[in-house]
Amino acid sequence: MAKQKKFIFVTGGVLSSIGKGIASASLGMLMESRGIKVTMVKMDPYLNVDPGTMSPFQHGEVFVLDDGAETDLDLGHYSRFVQNAVFSRKNSFTTGRIYDSVIRRERAGGYLGKTVQVIPHITDEIKRHIDEAAVDADLAIVEVGGTVGDIESLPFLEAIRQLRVERGSENVLFVHLTLVPYIAAAGELKTKPTQHSVKELREIGIQPDILLCRTDRVIPRDVREKIGLFCNVSAEQVFSAIDVSSIYEVPLYFAEEGLDEKVVEKLGIWTSKPDISKWAAMVEKIRKPKQQVTIGIVGKYTDWRDSYKSLAEALVHGGVANDCRVNMLYIDSEELEKGVGRELLDTVDGVLVPGGFGERGIEGKIQAVEYARVNKIPYFGICLGMQLAVIEYARHVAGLKDAHSEEFRPDGRENVIALMESQKGVKDLGGTMRLGAYPCSVLSKTAAGPTKAYTAYKKEQITERHRHRFEVNPRFRGQIEEAGLLVSGHHVHRETGTDLVEMVEIPGHPWFLGCQFHPEFLSKPMVPHPLFAGFIKAATQSGRKGQAKLL
Ligand code: GLN
């Protein structure tokens, strides 16, 4: 008989933002290091068909996959923690997607005149999506978005309840993440919120097998017993998920607590002990770096924090590659425009302008590019950050005084960044995004020596993920290259044959590189992205006293 596929469903209680994504990803990492073929799935209870159209400020970053799927930022956590799984649009779906496919089928007469209902049609569709995502794996860890008790997540919870009945408790495990707050005034860890949230789960027929209690201290035995008693589990099924300084420590704590051991025992999976020594060594590098640098991230105020999650992580990974702590200093580009905060640039070992949309703060970002170019401070421009580097170079070095982007000056005379000819006139901007993985050819060297791009990648063919509409305009490319900007990566567009610029750099500058793609989506703590590793290395050599100092 074929091996039975196993499922772990992770639900969250009490409130959001207690780390369900990281907890699920950490469990995935531990299961994978036991040699199990793992995949991860995120089900989100909102009606957008995908998060591509949602404000990153509201929902956090949009994480792009190879196949161009625009997914929830938790897919980013999964990608960074789980090494071998390959994620596609199947691994992330929303209520919107489920309803969309049910309604389409209904319109096409697919329900043979039946009344189409939440149970069984929506729940069946959810189960079908889960199975489809899990098809190549032996174990699927499925995170249910939202908080138990929300109206929106009910169909998901009902679907997973049914799955447990259909597939058996030896194949389906329920993990519930809750909060156990320490109330200083009482000097106590409080279990009531957990009791309530589990009560709510049990009311809809789900008895959690494992409780993961987010807390700021180890939960003592007597408190675990109390939680167990009220929640109908043994104290051995109650685990602490303690606050840690680095998210990458979470799997190590879980392993120490015996969480993965309990999970495999409950699912009847026989595995060897996990080998987490390499992961532990990586965490040790984060905990005890030998040096530190400060990177100035120049963006709009509203772009910060969660919308740059992968970027911040990729910088940490770049630090791991160099035994270096990376301090991130957010610099508001709109303030720079007003002449405020320029002195901050004098304190950083590297300047990074990340991806972005919209005109606000653009000139401030261009000032930051100019600062890094002129002062020979390492510069890393990602997507919009590359486009602005090209504009800055065009304006101040190539003599194209009006250089701009068509995104901000639709009628500009010298739009060095523009839509591809083939996309002009296309009204539906949603359709013109270049999304997902595309190959890029890396220029290995010039007469002056190897390029920065090749020094980082050590390969001439790479693949990177994209999420943008505008490109370096071929009309001005020659003039800008003649003025000294080097195109060190390019991609020939399949349909039009247009040669698209993927990477630029300035020869003779210690490290000035822009890329049209988003390398942060491919960086993992165990495999830091070469460009981030190269940028941080250059930052350690910025020569700025007091910043890139030895610890
Ligand atoms: N707004 C720019 C474009 O659409 C850059 C996008 C980005 O930085 N992700 O091309």
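Before reading further, recall that the structure is shown in the block above.
Residues numbered from 1 in each chain as written. Predicted model: local features only at pLDDT ≥ 70, side-chain atom pairs only at ≥ 80, totals over all residues. Heavy atoms only, no water.

Peer 1: Let's hear about the side chain of Ser153: which residues, and what values?
Peer 2: Note on placement: Ser153 falls in the loop between β6 (139–144) and α6 (154–167). The contacts of Ser153, once residues within four sequence positions are left out, are Pro45, Gly145 and Thr147. (Helix = DSSP H or I, 4+ residues; strand = E, 2+ residues; numbered from the N terminus. Contact = heavy atoms within 4.5 Å.)

Peer 1: Any details on the nonpolar core? Residues and values, ideally.
Peer 2: If you look at the biggest cluster of nonpolar residues, it comprises 48 residues, and the most contacted ones within it are Ile8, Met31, Ile141 and Val263. Examining the composition of this core, we find that 7 residues originate from one element, helix α1 (residues 20–32), more than from any other. In contact with Ile141, not counting residues within four places along its chain, are Ile8, Val10, Ser24, Leu27, Gly28, Met31, Val38, Thr39, Met40 and Val41. In terms of nonpolar packing, the next biggest core, distinct from the first, is built from 40 residues, Ile331, Val348, Ile377 and Val472 among them. (Core = buried A, V, L, I, M, F, W, Y, C linked by side-chain atoms within 4.5 Å. Buried < 20%, exposed > 50% of the residue type's maximum accessible area, 1.4 Å probe, protein only.)

Peer 1: Provide a residue-level description of the sheet that holds strand β7 (residues 172–179), including the pertinent values.
Peer 2: Pairing in this open sheet of 7 strands is parallel, and the strands run β5-β2-β6-β1-β7-β10-β11 from one edge to the other. The open sheet has two edge strands with one neighbour each: β5 (92–94) and β11 (238–242). Across the sheet, the mean angle from the axis of one strand to that of its neighbour is 20°, orientation sign disregarded. Looking at chain direction, strand β1 (residues 6–12) and β7 are connected through 6 bridges and run parallel. The residue bridging Ile8 from the neighbouring strand is Leu173, located in β7. In the packing of helix α3 (residues 74–81) onto the sheet, the strands contacted are β2 (38–44), β5 and β6, and the crossing angle to β2 comes to about 170°. Contacts between α6 and the sheet are confined to β1, β2, β5, β6 and β7, with β7 contributing the most and set at about 145° to the helix. (Pairing = 2+ DSSP bridges. Axes fitted to C-alpha atoms, helices over the stretch in contact; angles between N-to-C directions.)

Peer 1: Requested: an account of the pairing of strand β25 (residues 512–515), with residues and values cited.
Peer 2: Alternating positions in β25 separate into two faces, Phe512 and Gly514 on one and Leu513 and Cys515 on the other, with burial throughout. Bridge count between strand β15 (residues 379–382) and β25: 4 bridges; the pairing is parallel. Bridge pairing links Gly381 to Gly514 in β25. In this structure, strand β24 (residues 499–505) lies alongside β25, joined through 3 bridges in antiparallel fashion. In the strand pairing of β25, Val504 is matched with Gly514. Counting the residues in the hairpin turn of β24 and β25 gives 6 residues, including Gly508, whose phi is positive at 90°.

Peer 1: So what's going on with the packing of aromatic side chains? Which residues, and what values?
Peer 2: Aromatic rings considered in pairs are described by the distance between their centres and by the relative angle of their planes. Scanning all chains against the criterion turns up 13 aromatic pairs. Plain terms: the ring middles of Phe7 and Phe9 are 6.0 Å apart, the flat faces sit at 5° to each other, and that makes the pair stacked. Residues Phe7 and Phe9 agree in their burial class; the two are buried. Clustering of aromatic rings is evident, with ring pairs tying together Phe380, Trp511, Phe532 and Phe535. (Phe/Tyr/Trp six-rings, centres within 6.5 Å; stacked < 30°, edge-to-face > 60°.)

Peer 1: Please set out the sheet that holds strand β16 (residues 404–405) residue by residue, giving values where relevant.
Peer 2: Spatially, the 3 strands line up as an open sheet ordered β16-β17-β22, and their pairing is mixed. Both edges of this open sheet fall to β16 and β22 (471–472), since each of them pairs with a single strand only. Two elements, strand β17 (residues 415–418) and β22, share 2 bridges in a ladder whose sense is antiparallel. If you follow Ala418 over to β22, its bridge partner there is Glu471. Across the sheet, helix α16 (residues 384–396) is in contact with β16, β17 and β22; its angle to β17 comes to roughly 165°.

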